[in-house]
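Spelled out, the chains give:
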Amino acid sequence: MSKTLHYPLFLIIIFILHSFTTIHSKSFNFKKQKQTHLHFYFHDIVTARHPTAVKVASAPTTNTTRSFFGLVMMMDDPLTVGPEPGSKLVGRAQGLYASADLKELGLLMVLNYYFMEGKYNGSTLSILGRNAALTPMREMPIVGGTGLFRFARGYAQAKTHSIDFKTGNAVVEYNVFVLHY
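Residues numbered from 1 in each chain as written. Predicted model: local features only at pLDDT ≥ 70, side-chain atom pairs only at ≥ 80, totals over all residues. Heavy atoms only, no water.

Caption draft 1: Geometry of the packing of aromatic side chains. In the structure shown here, the tally under the stated rule is nine aromatic pairs. Relative to F149, the ring of Y120 has its centre 4.7 Å away and its plane inclined at 25°; by these criteria the two rings are stacked. Of this pair, Y120 sits in the loop between β5 (106–115) and β6 (124–132) while F149 sits in the loop between β7 (138–146) and β8 (153–163), and the two are 29 residues apart along the sequence. Of the two residues examined, Y120 and F149, each falls in the buried class. Among the aromatic residues, those joined into a ring-pair cluster are F40, F42, Y113, F115, Y120, F149 and Y174. (Phe/Tyr/Trp six-rings, centres within 6.5 Å; stacked < 30°, edge-to-face > 60°. Helix = DSSP H or I, 4+ residues; strand = E, 2+ residues; numbered from the N terminus. Buried < 20%, exposed > 50% of the residue type's maximum accessible area, 1.4 Å probe, protein only.)

Right under this line is the structure:
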C-alpha cells in the first residue's frame, strides 16, 4: 500500500517542480542566447590636463616595488572605434584597477564597460579579473552585464596598442566575446 502512495506523491512533486521552473524562467524573459563580438580601444590617460585615470590610494611601499604593488587607480576611460584620441567615442570604462602582484605588473581589474552609442547604448558589461599588463595578450572574464547584455558571460582579450612609459598613458585594443540573451 505504501508503494501506491509514493507514486502519486512523486508525480505531484514533479508537476510542482516543473511549474516552478517554467514560471521562474518566464519571469527572466529569456530569449535565444546570442554571441556578440565587440572591438574597441581603451584610452587610459593618467598624465594630461584632464586625466581619465587618477590615483586614489597607494601603500607606503608602492614606489619601492617594480610592480607598484598597492597602487589603486580610479578610471573613467574613453572607449573608441579606433586607436586615435579623436576617434569616435562608443563608451567608457568605469571602475578601478589595482596593482595586486608583488613581482610583476599584475592588475586587479574591477570595471564596467558602459556603452553610449548604437544598438548597445545604455548597456554595460562587467569585468572582474587579472590583467598581466605587460604581456602581449591578456584575457579577463566578463562576469555580467545590464541592458542588452543581461546575464552576460564571456571574456575580453586585451592587447596594448601603445604605451608611453614616461607618462603612463596607454591605448589598449580590446576584443570582447560575450554570450547573452
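Moving on, there is more to tell.
Caption draft 2: How the structure looks around the pattern of salt bridges. For the coordinates displayed, the defined rule picks out four salt bridges. We note a salt bridge from D101 to R130, for which the minimum N-O separation is 2.6 Å. Note that D101 is positioned in the loop between β4 (89–99) and β5 and R130 in strand β6, a separation of 29 residues in sequence. R130 sits in the partly exposed class, given a relative accessible area of 40%. The salt bridge involving R130 is made with E104; its shortest N-O contact spans 3.1 Å. In this pair, R130 is assigned in strand β6 and E104 in the loop between β4 and β5, connecting sequence segments 26 residues apart. When salt bridges with common partners are traced through the structure, they connect D101, E104 and R130 into a single cluster. (Salt bridge = Lys/Arg side-chain N within 4 Å of Asp/Glu carboxyl O.)

Caption draft 3: Up close: the nonpolar core. Core analysis: the largest hydrophobic core is formed by 29 residues, its most contacted members being F40, M109, Y113, L125, Y174 and V176. Sorting elements by how many residues they give to this core places β5 first, with five residues. Non-local contacts of M109, meaning those with residues more than four positions away in its chain, are made with M75, L96, Y97, I127, L128, G129, N131, M140 and Y174. (Core = buried A, V, L, I, M, F, W, Y, C linked by side-chain atoms within 4.5 Å. Contact = heavy atoms within 4.5 Å.)

Caption draft 4: The arrangement of the layout of surface pockets in detail. In this structure, the largest pocket occupies an estimated 820 Å³ of space. Listed by contribution, the elements that provide at least two residues to the lining of the largest pocket are β1 (34–44), β4, β5, β6, β8 and β9 (170–180). In terms of residue class, the lining of the largest pocket is made up of 18 nonpolar, eight polar and six charged. (1 Å grid on protein atoms, 1.4 Å probe; cavity = no way out; pocket = protein on both sides within 12 Å on 5 of 7 lines; lining within 4 Å. Points joined across faces, edges and corners; volume = space filled by probe spheres on them. Nonpolar A, V, L, I, M, F, W, Y, C, P; charged D, E, K, R; others polar.)

Caption draft 5: Layout of unusual backbone geometry. Of note in the backbone geometry, F68 takes a positive phi value of approximately 60° without being a glycine. Checked against the element boundaries, F68 lands in the loop between β2 (53–57) and β3 (72–80). We classify F68 as partly exposed; its relative accessible area is 41%. A positive phi angle, near 65°, is found at F151, a position not held by glycine.

Caption draft 6: Spotlight on the pairing of β7. Relative to β7, β6 runs antiparallel, the two sharing four bridges. Each residue of the ladder has a partner; that of T124, found in β7, is T146. Between the end of β6 and the start of β7, which pair antiparallel, lie five residues. In this structure, β7 lies alongside β8, joined through five bridges in antiparallel fashion. Across the sheet, the residue bridging to R138 is A158, located in β8. (Pairing = 2+ DSSP bridges.)

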